[in-house]
Amino acid sequence: MIGPEAPLVDGLADNLRTMKIAVFGPDAKAARLEGSKGFTKDLCKRAKIPTARYARVTSRDGALAALDDFGMPVVIKADGLAAGKGVTIASTRDEAEAALDGMFGKSGGDAVIEEFLEGEEASLFVLTDGVTIMAFGSAQDHKRVGEGDTGPNTGGMGAYSPARVLTPALEAQAITTIIAPTVKAMADAGTPFSGVLYAGLMLTTDGPKLIEYNARFGDPECQVLMLRLESDLLALMLATAQGTLADCPSPVFADDVALTVVMAARGYPGTPETGGAIGDLTAAETDGVQVFQAGTSLVDGALVASGGRVLAVSARGRDVQAAQALAYRGVDALDFPSGFCRRDIGWREIARESA
């Protein structure tokens, strides 16, 4: 089971399959759904999948000319992998040009310019073996570093599941109009997608539209999905890898809400401060709270921060408010002086619950 996106794009799954090892994850050609924003946008255009209007650009001069066709705000995306930080929402022409200046020279010098979509974001997950599609829950991520969704984009500062804003009717519509045509288009091209397909959606007044795909469970979305999953994950992954997903029952998820809060190192999403001491994690792991480690290392037997997003403090509750209260109780019990977090994970759903 290959977790990170870079090894998938680099073809690790292909290499393992040549050695007759069952793999949960797409091969390199199928992983282009995440590895190239332009590839995915072109596929959407061919398959008539609802998404934002776009332009692929390969030079700064071409990008500046293409900007004339878009209003403000506008979305600027690096074409290739950028650890969740390759997206800029520019409010002005100057901001858009600055984003393009910083982007060329990365990801092969390619970028995608998109119209800005109005609506609320949600994440939809499916398992597919290239033919069968199995719904696998929903979540809502919090990409911006600051509370109230302010500041630069990150790899994700927290998430909760399920995303109730993605109603059963909207989920069915997204599978019919976005997921199924994608799976069919990939199979028809001789590059079937096998693994978990994670669709980032914008819920617009015209219905769900695709923002982008990930070819993996994602972080911190994976944490909240796994806290709610009651089925045997291994059986589902093996069936996906072996092409027998149609023989499996649909996964069962707890009715509870799961919520996770990312503890990041000071300086993130810029250059994070590494080496910060982290105290005993068991102090936070009460009342069902679980702390998942990410950017951590052991140095002389002591746990220290070694990356940008360091810990994911996660909990389940009867609703978002209850799960949030437990997760932040865990955060407050941690001894991580050089860490920080957002204090409003789940705020949109809590506002709906309180209305």
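Residues numbered from 1 in each chain as written. Predicted model: local features only at pLDDT ≥ 70, side-chain atom pairs only at ≥ 80, totals over all residues. Heavy atoms only, no water.

1. Looking at the sheet that holds strand E2 (residues 74–78)
Worth spelling out the cut-off: Strand pairing is defined by DSSP finding a minimum of two bridges between the two strands. Each helix is a run of H or I in the DSSP string that is no shorter than four residues. Each strand is a run of E no shorter than two, and both are numbered from the N terminus. Only the stretch in contact is used when a helix axis is fitted, and all axes are lines through C-alpha atoms; the angle between N-to-C directions ranges over 0 to 180 degrees. Here a residue-residue contact requires only that any non-hydrogen atoms of the pair lie within 4.5 Å.
With antiparallel pairing, four strands are arranged side by side in an open sheet as E1-E4-E2-E3. Looking along the sheet, the strands with just one partner apiece sit at the ends: strand E1 (54–57) and strand E3 (87–90). Taking each pair of neighbouring strands and ignoring which way they run, the sheet shows an average axis angle of 20°. Alignment of E2 against E3, held across four bridges, turns out to be antiparallel. Pairing of Val75 across the sheet is with Ile89, part of E3. With respect to the sheet, helix H4 (residues 37–47) is in contact with E1, E2 and strand E4 (111–115), its orientation differing from that of E1 by roughly 140°. Running at roughly 5° to E2, helix H6 (residues 93–103) makes contact with E2, E3 and E4 of the sheet.

2. Looking at the packing of helix H5 (residues 60–67) against H6
Cut-off, in case you're wondering: Roughly parallel means an angle under 35 degrees; roughly antiparallel means over 145; roughly perpendicular covers 65 to 115; every other angle is labelled oblique. Left-handed describes a crossing in which the near helix is turned anticlockwise from the far one by less than a right angle; the clockwise case is right-handed. The nonpolar class holds Ala, Val, Leu, Ile, Met, Phe, Trp, Tyr, Cys and Pro. Asp, Glu, Lys and Arg form the charged class, and all remaining residues, Gly among them, are polar.
At their nearest, the axes of H5 and H6 sit 10 Å apart, and the two run at 155° to each other. Here H5 lies roughly antiparallel to H6, going by the angle between them. Crossing handedness for the pair H5 and H6: right-handed. Where H5 abuts H6, its residues Arg60, Ala63, Leu64 and Leu67 lie against Arg93, Ala96, Glu97, Leu100 and Asp101. Split by residue class, the contact of H5 with H6 holds five nonpolar, no polar and four charged.

3. Some thoughts on the pattern of salt bridges
Rules: Should a side-chain nitrogen of Lys or Arg be within 4 Å of a carboxyl oxygen of Asp or Glu, the pair is scored as a salt bridge. In this scheme, a residue with accessible area under 20% of its type's maximum is buried, one over 50% is exposed, and one in between is partly exposed, where area comes from a 1.4 Å probe on protein chains only.
Applying the stated rule across the entire model yields 20 salt bridges. Residue Arg93 pairs with Asp68 through a salt bridge whose shortest N-O separation is 2.8 Å. Of this pair, Arg93 sits in helix H6 while Asp68 is found in the loop between H5 and E2, placing the two residues 25 residues apart along the sequence. Judged by relative accessible area, which is 57%, Asp68 ranks as exposed. A salt bridge links Asp149 to Arg342; its shortest N-O distance comes to 2.9 Å. Pair noted here: Asp149 is in the loop between strand E7 (144–146) and strand E8 (150–153) and Arg342 is in the loop between strand E17 (339–340) and helix H11 (347–354), with a separation of 193 residues, a long-range link. Arg342 matches Asp149 in its accessibility class, with the two residues each being buried. Beyond isolated ion pairs, a larger network of salt bridges with shared partners links Asp149, Arg342, Asp344 and Arg348.

4. Considering the nonpolar core
Keep this limit in mind: We call a set of buried residues a nonpolar core when its members are Ala, Val, Leu, Ile, Met, Phe, Trp, Tyr or Cys and they connect through side-chain atoms within 4.5 Å of each other.
Counting 31 residues, the largest nonpolar core has Leu33, Leu124, Ile179, Leu197, Leu201, Leu210 and Tyr213 as its most contacted members. Going through the elements one at a time, H4, strand E5 (120–128), helix H7 (168–188), strand E10 (195–204) and strand E11 (207–214) are the ones with two or more residues in this core. Sorting elements by how many residues they give to this core places H7 first, with six residues. In contact with Leu201, not counting residues within four places along its chain, are Glu120, Glu121, Ala122, Leu124, Leu166, Ala174, Ile178, Lys209, Leu210 and Ile211. Of all hydrophobic cores here, the second largest spans 28 residues; its members include Ala305, Val320, Phe336 and Ile350.

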